[in-house]
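Structural overview for review
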Amino acid sequence: MRDQDIVGAYLSRLHAEISANRDGEVATYIPELGRVDPDKFGICAVTIDGQVYCTGDWDSEVSIQSVSKPFMYGAALSEHGRERVLEHVGVEPTGEMFNAIVLDEATNRPFNPMVNAGAIATSELMTLDDRSDSTARMLDIMSRFAGRDLDIDTSVFRSEHDTGHRNRAIAYMMLNTAMIRRAPEDVLDLYFKQCAVLVNCRDLAVMAATLAAHGRNPMTGDRVIAPDNVRDVLSVMASCGMYDYAGQWGFDVGLPAKSGVSGLIGAVVPGQLGLAVFSPRLDAVGNSVRGMEVCRRFAEDFGLHSFSERTDLRSVIRREYRSGEIQSRNVRDGREIDIIRRDATEFAVLDLQGPLFFGAMERVARRVGALVSKGVREIALDFRRVALVDTGGLALFVRLVDALGGTGVTLHLAEVRYRDSLSGLVDLVTDDADGVLKIVDDVDGALADYENRVIAKAGLTQETQKLALSDHAVFEGLDAGEIAQLQSIAGTLSFAPGEVMLKAGDDAKAFLTVARGTASVTVPLGPERARRVASIGPGQAIGEMALLDGGKRSANIVADGPVLAYIFSVESIRALSDDSPRIMEKILGNMVLSLTHRLRRTNDELSAME
Ligand code: GLN
């Protein structure tokens, strides 16, 4: 790979291509804004996990202007709650210029917080009795969004303060209708100052990324505002953020964004990243010409439009099978297998994948319903390949669990333990009065348990006799004399349920064969976690690889219930073979045979997954 920073390289190329565009004019109605270098051009993207991609004049500082509006709106929502804020400013796009002197005739409210009238009403909500307190709080909020201490460009503030009579007119008009009650000059002081906060593209991208991350600053981890407030902010950004161009913007780019007359645009890809562009030349509406082009191209190239196709729901159920078709890894004899094939028909497995939001969960719920109506009584849902269940998916799942209450149907939730993003599912068990849900480690365990119940119901009790040595697979083909020799060196061990029979990492100096009971092979995944990879039953050997390499144990073996086992030390088997080489030959031959079977089985499983 030539350049490993693929997003950075993409943005640099985009920057180079769009640099050629010199259309538009720098805003001069605030005199100080006219002094900027019109060719400045910076881009920065910040992901919700804090990766920063910057290019061009990303570190040029400029006054934030109207891009301050969504952040102050978020702060007002957080401070006063949605209801109170809505009394002072609506959420309706105006289709008018940003500085239009219009209010909603019925309510006297400014139309929305992204135009000046609404932003001034928002500023009033954030004005304190003392001007310097208001300023300090505003700077603190902006700084928390940006993840560093921001400051005010006093010459821009002065310039706008001395010339911003149109905004003064708006404020006085709102005073006239009692929409604002504080002294307009106090409110305007805060408004002009918030517009004069200095940011570079990186700051703005972090601010946008904080919105993308539902209010948590990805660089500092600071929770600046609550997710509900962010949702409201993004909604008005989407409908009103780009002045009277908002409709076309939503159509073309489809991302919540806000622009300002200094040439900044901040755009949000919720759940993914924040994007900031700075280029001072503006179109007739007041939006940065290059800034719009960058957002349009970025959204287009990566399908970021809110309504673009993103997921393929067809694949949410990766695989589906019934218990008769695929059996657990538990070792069974012929009679048991016959019973399972005949009777084990009421258990199904759904192997799920992808994020489970409403649309995906609806498919799962529908499939569960169809299986239940075909007589399936137990369904194991395998969440191993599910990265998350969102609140919508969870809400629907709760309804499914409710609907199954009293039907006697059980849902086994597999691979949900220790998974932070799936903890919502685990929590449901507490409220599951009807006992529909059962948390299981893995599908195989649930399947094995079901098979055991089916076998027991058919009247066949599990083998209680201890298996003779001659019946063990590794000793197959040995004659009575050889078995007797083995018997003389065999020890017996009994294990309590849950007891560790072999431990990963230990020296492999002996091997066991199971005479009664079953054991699970588990590989440790962490201090508390383990994955069960196989089950071992009567007649099977454990740790027999010790005969070959004498290395370390590769897995843990844990007794499922009471287990009785024979133990053979490698040393004694070797000594025995010195006199009777046929014993070792047979054992090794049997091991190869069993390895071949395991390999075949793995191959079959792999092809079944295709
Ligand atoms: N301070 C500017 C004003 O009120 C902000 C306008 C803007 O960026 N659209 O005129």
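We now turn to the structure provided with this report.

Thresholds applied
Residues numbered from 1 in each chain as written. Predicted model: local features only at pLDDT ≥ 70, side-chain atom pairs only at ≥ 80, totals over all residues. Heavy atoms only, no water. Core = buried A, V, L, I, M, F, W, Y, C linked by side-chain atoms within 4.5 Å. Buried < 20%, exposed > 50% of the residue type's maximum accessible area, 1.4 Å probe, protein only. Helix = DSSP H or I, 4+ residues; strand = E, 2+ residues; numbered from the N terminus. Contact = heavy atoms within 4.5 Å. Pairing = 2+ DSSP bridges. Axes fitted to C-alpha atoms, helices over the stretch in contact; angles between N-to-C directions. Patch = residues over 30% accessible without salt bridge, like charges linked within 9 Å, V, L, I, M, F, W, Y side chains within 5 Å. Areas by Shrake-Rupley, 256 points an atom, 1.4 Å probe, with all protein chains shown as cover. Salt bridge = Lys/Arg side-chain N within 4 Å of Asp/Glu carboxyl O. Lys, Arg positive; Asp, Glu negative; His and termini not counted.

This brings us to the nonpolar core. Core analysis: the biggest nonpolar cluster contains 66 residues, and M207 and L211 have the highest contact counts within it. It is helix α9 (residues 201-212) that contributes the most residues to this core, nine residues altogether. Excluding residues that lie within four positions of it along the chain, L211 makes contacts with F71, F145, V230, V233, L234, M237 and V268. By size, the runner-up hydrophobic cluster in this structure holds 34 residues, among which are F98, Y243, V253 and V269.

Before going further, it helps to examine the sheet that holds strand β20 (residues 541-542). The antiparallel open sheet is built from four strands, whose spatial order is β15-β22-β17-β20. Pairing within the sheet leaves two strands with one partner each, and these edge strands are β15 (491-495) and β20. Strand direction decides the pairing type here: strand β17 (residues 510-516) and β20, joined by two bridges, are antiparallel. Note on β20: the bridge partner recorded for T513 is A541. Strands in contact with helix α19 (residues 570-579) are β17 and β22 (563-569); relative to β22, the strand with the most contacts, it is inclined by about 55 degrees.

Quick look at a nonpolar patch on the surface now. A cluster of nonpolar residues, M545, L548, L588 and L595, forms a patch on the protein surface that exposes about 310 Å² of accessible area. Here L548 lies in the loop between β20 and β21 (556-559).

What follows is about the pattern of salt bridges. For the coordinates displayed, the defined rule picks out 29 salt bridges. With its nearest N and O atoms 2.9 Å apart, the salt bridge here joins D189 to K193. You can see D189 and its partner K193 sitting in helix α8 (residues 184-195), four residues apart, about one turn around the helix. Classification of D189 as buried rests on a relative accessible area of 5%. In this structure K193 comes out as buried when scored by relative accessible area, which is 16%. The residue R366 makes a salt bridge to E362 at a minimum N-O spacing of 2.8 Å.

Looking now at the side chain of D432. Tracing the chain through its elements places D432 in the loop between α16 (423-431) and β14 (437-440). Residues in contact with D432, not counting those within four places in the same chain, are V401 and L437.

Structurally, E160 is set in helix α6 (residues 154-163). No salt bridge is formed by the buried E160. Its closest oppositely charged neighbour is K69, at 8.1 Å. Ignoring anything within four residues of it in the chain, the contact list for E160 reads I30, Q65, N167, Y191, F192 and C195.

A separate point is unusual backbone geometry. Most peptide bonds take the trans form, and the phi angle of most residues other than glycine is negative. For Y243, which is not glycine, the phi dihedral falls at a positive 55 degrees. Inspection of the secondary structure assignment puts Y243 in the loop between α10 (227-240) and α11 (246-252). Overall, Y243 belongs to the buried group, its relative accessible area being 4%. Non-glycine residue E415 carries a positive phi angle of around 65 degrees. By the secondary structure assignment, E415 is in the loop between β13 (410-414) and α16. Its relative accessible area of 11% is what places E415 among the buried residues.

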